[in-house]
Amino acid sequence: MSDSRLNSVRHGRADGAAGVRATPLHHRALATLVAGRGQTAALAERIGTRFGLCLPTTPRRVSSGSVAFVGVGPGRWLAMDETGDGLAFETALVEAAAGHASATDQSDGLVLLRLSGPDLRRALAKGIGIDLHPAVFRLGDAATTPFALIGTTLWRIDGGGHAHDLTVEIAVARSYAADFLQALTEAAAEFGFDLHPTARG
Amino acid sequence: MTAPTAQNTGPSRRLAKGGLIDRSQPLEFDFDGRPLSGVAGDTLASALLANGVTLVGRSFKYHRPRGILTAGSEEPNALVELRSGARREPNTRATMVELYDRLSATSQNRWPSLEHDALSINRLAAPLFGAGFYYKTFMWPAALWERLYEPLIRRAAGLGRAADHEDPDRYEKATAHCDLLVIGAGPAGLMAALTAARSGARVILADEDFRLGGRLLSDAPEVDGAPAPLWVDRVLGELASFPDVTVMPRTTVFGVYDGGTYGAVERVSDHRAEPLPWQPRQRLWRIVARRSLLAAGAIERPIVFGGNDRPGVMMAGAMRAYANRFAVAAAREAVAVFANNDSAWSAARDLSRLGVRVAAVIDVRERVDPALTAPLAAAGARLMLGSRVIATSGKRLSVVEVLTGGKRETLKVDGLAMSGGWSPTVNLTCHLGSRPVWNDALSAFLPGSLPPGMTVAGAANGRFGLAACLADGAASATAALADLGFAVPSAALPRADDDPAGLIPFWHVAESKGAAFVDHQNDVTAKDIAIAHREGFRAVEHLKRYTTLGMATDQGKTANLTGLAIMSALTGKDIPETGTTMFRPPYSPVAIGAFGGSHRGKAFRPTRLTPTHGWATEHGAVFVETGPWLRAQYFPRPGERDWLETVNREVTAVRTGVGLCDVSTLGKIDIQGPDAATLLERVYINGWSGLEVGKARYGVMLREDGMVMDDGTTARLGPTHFVMTTTTANAVKVFQHLEHALQVLWPELDARIASVSDQWAQIAVAGPKARETLARIVDAPFDLGNAAFPYMAAAELTVLGGLRARLFRLSFSGELAYEIAVPARQGDRLVRALMDAGAPFGITPYGTEALGVLRIEKGHAAGNELNGQTTAHDLGLGRMMSGKKDFIGRVMSNRPGLRDPDRPALVGLRPLPPGARLRAGSHLIPVGQPTDAANDQGYLTSVAHSPTLGHAIGLALLAGGPRRIGERLRAVDPLRNEEVEVEVCNPVFVDPQGEKLRV
Amino acid sequence: MRIPCPYCGPRDAHEFTCLGDATLTRPDPAAPDAASAFHDYVYRRDNPAGPHRELWYHGGGCRSWLEVTRDTRTHAITDARFAADRSSAAQGTEDRP
Ligand SMILES: [Zn+2]
């Protein structure tokens, strides 16, 4: 994190530490996994065996090693692999699911960002309607909900620091990414916003 | 009577000491251009009063001089224009404007000046503006309305002027969540917030004032044996120590909505000349609260008597607030007090203590507790019990006429404090439709059934005493939190006394001389209510509409109950029988900008960018909004005179060479699973099961009512794997439609869908040279030859040395054409590679305009024809409908009315004068027939100039369309007053045999 | 208004689209009275004052079609479930995940 902070560009309030920080997460393989009708249990077993985790049936993120699954709907997950290539990950999922689900590469369809900072909750409240209080939106919790009318999926991760500090990863459709960053920049400006320059790329 | 005497200022009325103001921080401001000064802690109203400015505006209808009536958001009179230029804002309440340095305010509704208002003649024309005048006026000859009455009434009755320029400030919207929302930070609200905070609950405490404390600031009582403001500071200090407690001053909770949602507006920067950097002017909050506690206090109501609107007449509680909180004497010489209740005596006592001479206390009651009267008698005030004020005089109040002991007496005073008792501020309890309930003992409406999750405490609940408010706040919060499962620690209540609150109902001085106002803002008098009664408008809703009582921007906060009481006296029914007062959101006006938030201008809705946006920008594209997308409309080159020349060049390039166009905006849906083909069979009108892997097919989907919903091509990539494309406009709708089919209609189907619209950059490469262009980028050994990859073929392959891609041989333009897709991040690379590959053939990027011309030349229906009112038959696609299966819309599409051969159906049109231009929207009228609705046989849906044919072409929906090819019609554009003779033709203008796309 | 999505939890109504009456079943298209049955299915609606079972699509969230029981007089929502569960239970097919 520290190196990306050095490279970041400050938006909004210039003095003091940034209240909100955004870092792009490039190079992550992403895929939509959709269970076949009535096949969630069978799929969970297969995925569990293959990746060593318990496929969540609620909006949660579950991870094992470099792979994570985020529940985005009944029988639907956003799957990701920090090390993989999109097509290879899709293929791995298809093989693991063995017909109980379909997998679709989304590595180019979504832009992923890590958001953190002491004022993140206040900034996100300007675009998101759900409750991100740490007692309500706990570590590992995920939600699919619009930010400033733009569809997003976000999940809370452990960003280090104080237990009350919010760190999330957020996925936005690529065509909306520029507008999303514009809206986030406006929302976070009063707190000082460090945006890694490659996020706009 | 109105001869101007004094100037609209006088010597300072600031009391020598006291008040919750900071005398060390002087603030300069101006009113109507006159420089004045106040101090930090002032409102504009208190600062005006401190400077002796008692005349601040002219009334709505009669242009009567008006002063400041209240010290709160209920203010009906003191509405001013604040700021200037683009930030000018009309109708701001001077009582709610926090004074800042160099504030500039202007009085409203006066011409040429506040002192000398030429239109106060309206008062002589008062009968014109009396009850029902709007309705009666509308019945006058209509011709006179536009020319005479409306301009007259608009000039005379307008309040304030909106700014002429775009608002330079930002607005924000935000959402907050809490366990308990406390509305109002008076004694009950503070006690509730403190109780909740100590329980560990998430609390929001909101108050419209910039300083919290409510009546603890204005009434100057003692709490725990010390001045109340000290207790307030202590509570606020403790609240600040809880991380999950948010205290929101300058925040009006203006509405209650379903599901525990509350609307609030935070005036973030209104107390500054301009917002600080990065700060919005206002922030609109949606507060989601598990429980709410309404502690909004009570609003004092006027008594209706002759001249009760004269500058100098003020609510007793307001006069008390100006003295206690702002250290301002509302009158210079002496005040009289006129009341029916004990609270006014407490006000009189405070005024007297602070050195304001109280000349008399006039109470309609025969007997008043000696404990209240004695201190005033001792201070030299006349006690006039069993008496009433019948008239006032002076441009600014100078004389009050009192009926006492059967005789009329005049008092020389320049201030009159009135109090008709207190109405609990139940407004928010009514927002979900419940009505307040009359309480005889209190002579007031109390909250009726409450919105789910809300409780009411303190004066808003009819508990007027200070000790009662503190106790009620704590108890109500405890109950609400216990309900949520919080353990609430018990704590001792602060010590306080209850003010005496004795009252007898009294509303209207029957012996009044002159106009006696009920609704100060809408200039409704007691006489207007009598007229409404006489003319039969007695039900409260009729009364409101006939007289406009309570229909001004203040929603009659000071007027509704007195109006109701007067009607009740006229009908002989009691008040609850006469009606109740209802309130709707917003509690007080909210700027429209706050509702818009950041969604204005370009940010009105989100914008989507295509994968080639950066490249298109470099190439000088002109962009156009299509739905949420920003797409390249055309790519002008230096020297081109207008867009038409550019578009003609782009179209010609596609027809003769090769062009490329980003079509990534089409919706793309991945459909997989054993029942994928079955899903397609059920949503498309044509057959799918027979589609070979590696082939694409054009499909049309209907709504269940038989109308066309969308069209597009779907390709089969594997036995159980399809990728569907939708139109750009309907991408979201079609996805929802498929989900509906899979989850609601046929949940037994196992088909899995995922949107891949953003995953793939898709570029159309079209024109005779398309194959040669593509051949330069596809990886060997892929064979692009017509035999190996014919029209409607689809394949997964690699391009540019290993880049994953999908290739579809589809044609929207009618030329040899392909659509090639690569992962979205590679879209920029792909378009540049294609430009290089096509360079030898003069490859030309084209935009949505050329795309439109190409498709009109080919007679393809698009958005203008897929308008929700056309069937597959109407669009010439009826033969696609499979007779072998059911599909959504099949049954209804066979309704006789939808199969009527005379329905408007798609045709082509060409103008008979060769150079004539066609206009979209023109109506089709038979030659020789008059242009009227009876002869209207259809209209032009899409038009273009065809550079291929060298003349204008159009598509139209024409009654009985295809049967009429060769017929001549008139295309009439009544808006432009143009007309051109046209010939009906085949809608496929170019290559009607479809030979070019199969080469 | 807030709708308790069984997957996402309570969400503001802005995230949803309403399609109205959830009690209607798509008629048998092969039945002899299909034309009139479809007419009723597409156009005829009750307008009850009171509890009403409605279809809502959670397009801003999990993309589930929900069957929501809403009192049309008060907007009080007493139940929200997956439409797919309702339909498959009714037709005796397997449960949705
Ligand atoms: Zn949901």
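None of the values given here were measured: they were computed from a predicted structure.

## A word on the overall build of chain A
Part 1 of the argument: Along its length, chain A carries five helices and twelve strands.
Part 2 of the argument: Compactness check: chain A gives a C-alpha radius of gyration of 17 Å against a globular reference of 17 Å for 201 residues, within 12% of the reference.
Part 3 of the argument: Based on the C-alpha atoms only, the size of chain A along its principal axes is roughly 55 × 35 × 30 Å.
Part 4 of the argument: For chain A, the residues scored as buried account for 62% of the 201 residues in total.
Part 5 of the argument: For chain A, long-range pairs separated by at least 24 residues make up 62% of all intrachain contacts whose partners lie at least 6 apart in sequence.
Part 6 of the argument: Summed over its atoms, the accessible surface of chain A is roughly 7400 Å², and 52% of this surface lies on carbon and sulfur atoms.
Part 7 of the argument: Positive and negative side-chain charges of chain A, numbering 19 and 20 respectively, have mean locations separated by a distance of 4 Å.

## Considerations on the overall build of chain C
Part 1 of the argument: From N to C terminus, chain C includes two helices and six strands.
Part 2 of the argument: Starting at the N terminus, the α and β elements of chain C follow one another as β-β-β-α-β-β-β-α.
Part 3 of the argument: A separation threshold of at least 6 residues defines the contact pool for chain C, and within that pool the share at least 24 residues apart is 43%.
Part 4 of the argument: As presented, chain C carries roughly 4800 Å² of accessible surface, and 50% of it is formed by carbon and sulfur atoms.

## Remarks on the interface of chain C and chain B
Part 1 of the argument: The interface is formed by 30 residues belonging to chain C together with 26 residues belonging to chain B.
Part 2 of the argument: Together, C:Arg2, C:Arg26 and C:Trp65 form the three largest contributors to the area buried by chain C at its contact with chain B, with a combined 27%.
Part 3 of the argument: The tally of links from chain C across to chain B stands at three salt bridges.
Part 4 of the argument: Note that B:Glu704 and C:Arg26 form a salt bridge whose closest N and O atoms lie 2.5 Å from each other.
Part 5 of the argument: Taken together, the connections running from chain C to chain B amount to ten residue pairs in polar contact (both at pLDDT 80 or more).

## A short note on the environment of B:Asp902
Residue and element names in this part refer to chain B.
Part 1 of the argument: Here aspartate 902 lies in the loop between helix H24 (896-899) and strand E45 (904-911).
Part 2 of the argument: Overall, the relative accessible area of 46% leaves aspartate 902 in the partly exposed class.
Part 3 of the argument: Distance from aspartate 902 to glycine 961, taken between C-alpha atoms, is 7.6 Å for residues 59 residues apart in sequence.
Part 4 of the argument: Once residues lying within four places of it in the same chain are set aside, the contact partners of aspartate 902 are Ala959, Gly960 and Arg963.

## Some remarks on the packing of aromatic side chains
Residues and elements named next belong to chain B.
Part 1 of the argument: In total, this model carries 14 aromatic pairs over all chains according to the counting rule given.
Part 2 of the argument: Ring plane angle 75° and centroid distance 5.7 Å describe the contact between phenylalanine 254 and phenylalanine 595, whose orientation is recorded as edge-to-face. Pair noted here: phenylalanine 254 is in strand E13 (residues 251-257) and phenylalanine 595 is in helix H15 (residues 592-596), with a separation of 341 residues, a long-range link.
Part 3 of the argument: Overall, the relative accessible area of 36% leaves phenylalanine 595 in the partly exposed class.
Part 4 of the argument: A centroid spacing of 4.7 Å and a plane angle of 25° characterise the contact between tyrosine 684 and tryptophan 688, whose relative ring orientation is stacked. For the pair shown, tyrosine 684 and tryptophan 688 are each scored as buried.
Part 5 of the argument: Of note, lysine 557 hangs over the ring of tyrosine 587, and the distance from its end group to the ring centre comes to 4.4 Å.
Part 6 of the argument: If you follow arginine 682 out to its NZ or CZ, it ends over the ring of tryptophan 746, 4.9 Å from the centre.

## A short note on the coordination of the zinc ion
All names here are of chain C.
Part 1 of the argument: Here the zinc ion is held by Cys5 (SG), Cys8 (SG), His58 (ND1) and Cys62 (SG), and the distances to it run 2.0 to 2.5 Å.
Part 2 of the argument: The coordination sphere of the zinc ion comprises four donor atoms, whose angles at the metal cover 102 to 120°; the geometry is tetrahedral.
Part 3 of the argument: The sequence pattern formed by the donor residues of the zinc ion is C-x2-C-x49-H-x3-C. Pair noted here: cysteine 5 is in strand E1 (residues 2-5) and histidine 58 is in the loop between strand E4 (51-57) and strand E5 (65-71), with a separation of 53 residues, a long-range link. The same class applies to cysteine 5 as to histidine 58, namely buried.

## Observations concerning helix H5 (residues 177-188) of chain A
Residue and element names in this part refer to chain A.
Part 1 of the argument: Between its first and last C-alpha, H5 extends 16 Å over twelve residues, near the 16 Å set by a 1.5 Å rise per residue.
Part 2 of the argument: Of all the positions in H5, only Ala177, Phe180, Leu181, Leu184, Thr185, Ala187 and Ala188 are classed as buried. Angular distribution of buried residues about the axis of H5 spans 165°; they occupy a single face of the element.

## What about the domain arrangement of chain A?
All names here are of chain A.
Part 1 of the argument: If you check the domain split of chain A, you get domain 1 (3-25 + 109-195) and domain 2 (29-105).
Part 2 of the argument: For domain 1 and domain 2, the distance between their C-alpha centroids amounts to 25 Å.
Part 3 of the argument: Contacts between the two partners involve eleven residues from domain 1 and, on the opposite side, nine residues from domain 2.
Part 4 of the argument: With both chains or domains summed, domain 1 and domain 2 bury close to 820 Å², and 66% of this area falls on carbon and sulfur atoms.
Part 5 of the argument: Seen at the junction of domain 1 and domain 2, the total is one salt bridge.
Part 6 of the argument: Salt-bridge contacts for arginine 60 lead to aspartate 141; the nearest nitrogen and oxygen are separated by 2.6 Å.
Part 7 of the argument: Counting every contact that joins domain 1 to domain 2 gives four residue pairs in polar contact (both at pLDDT 80 or more).
Part 8 of the argument: Contributions of two or more residues to the side of domain 1 that touches domain 2 are made by strand E8 (110-116), strand E9 (142-147) and strand E10 (150-156).
Part 9 of the argument: Broken down by class, the residue content of the side of domain 1 that touches domain 2 amounts to seven nonpolar, three polar and one charged.

## Some remarks on the sheet that holds strand E6 (residues 77-82) of chain C
All names here are of chain C.
Part 1 of the argument: With antiparallel pairing, four strands are arranged side by side in an open sheet as E3-E4-E5-E6. Looking along the sheet, the strands with just one partner apiece sit at the ends: strand E3 (17-21) and E6. Taken over all neighbouring pairs, the strand axes of this sheet differ in orientation by 30° on average, direction set aside.
Part 2 of the argument: Across five bridges, the pairing between E5 and E6 is antiparallel. Residue pairing for E6: leucine 66 is matched across the bridge by phenylalanine 82.

## Brief notes about the pairing of strand E6 (residues 76-81) of chain A
Residues and elements named next belong to chain A.
Part 1 of the argument: Counting buried positions along E6 gives six out of six residues, so the element sits mostly inside the fold.
Part 2 of the argument: Burial along E6 is two-sided: the residues Arg76, Leu78 and Met80 and Trp77, Ala79 and Asp81 are all buried.
Part 3 of the argument: Bridging between strand E3 (residues 29-35) and E6 involves six bridges; their strand directions are antiparallel. Directly across from valine 34, in E6, lies its bridge partner arginine 76.
Part 4 of the argument: Pairing of strand E5 (residues 67-73) with E6, which is carried by six bridges, proceeds in the antiparallel orientation. Counted as the bridge partner of phenylalanine 69 is alanine 79 from E6.

About the thresholds
Residues numbered from 1 in each chain as written. Chains lettered and ligands numbered in written order. Predicted model: local features only at pLDDT ≥ 70, side-chain atom pairs only at ≥ 80, totals over all residues. Heavy atoms only, no water. Helix = DSSP H or I, 4+ residues; strand = E, 2+ residues; numbered from the N terminus. Rg over C-alpha atoms; globule rule 2.2 N^0.38 Å. Buried < 20%, exposed > 50% of the residue type's maximum accessible area, 1.4 Å probe, protein only. Contact = heavy atoms within 4.5 Å. Areas by Shrake-Rupley, 256 points an atom, 1.4 Å probe, with all protein chains shown as cover. Lys, Arg positive; Asp, Glu negative; His and termini not counted. Charge placed at Lys NZ, Arg CZ, Asp CG, Glu CD. Buried area = accessible area lost by both parts, 1.4 Å probe. Salt bridge = Lys/Arg side-chain N within 4 Å of Asp/Glu carboxyl O. Polar contact = N/O pair within 3.5 Å; in protein donor to acceptor, adjacent residues only side chain to side chain. Phe/Tyr/Trp six-rings, centres within 6.5 Å; stacked < 30°, edge-to-face > 60°. Lys NZ or Arg CZ within 6 Å of the ring centre and 35° of its normal. Donors = N, O, S within 2.8 Å, 3.2 Å for Na, K, Ca; no water. Tetrahedral: all angles 85-135°; square planar, octahedral: opposite > 155°, others 65-115°. Expected span 1.5 Å × (residues − 1). Arc of directions from axis to C-beta. Domains from an automatic or database assignment. Nonpolar A, V, L, I, M, F, W, Y, C, P; charged D, E, K, R; others polar. Pairing = 2+ DSSP bridges. Axes fitted to C-alpha atoms, helices over the stretch in contact; angles between N-to-C directions.

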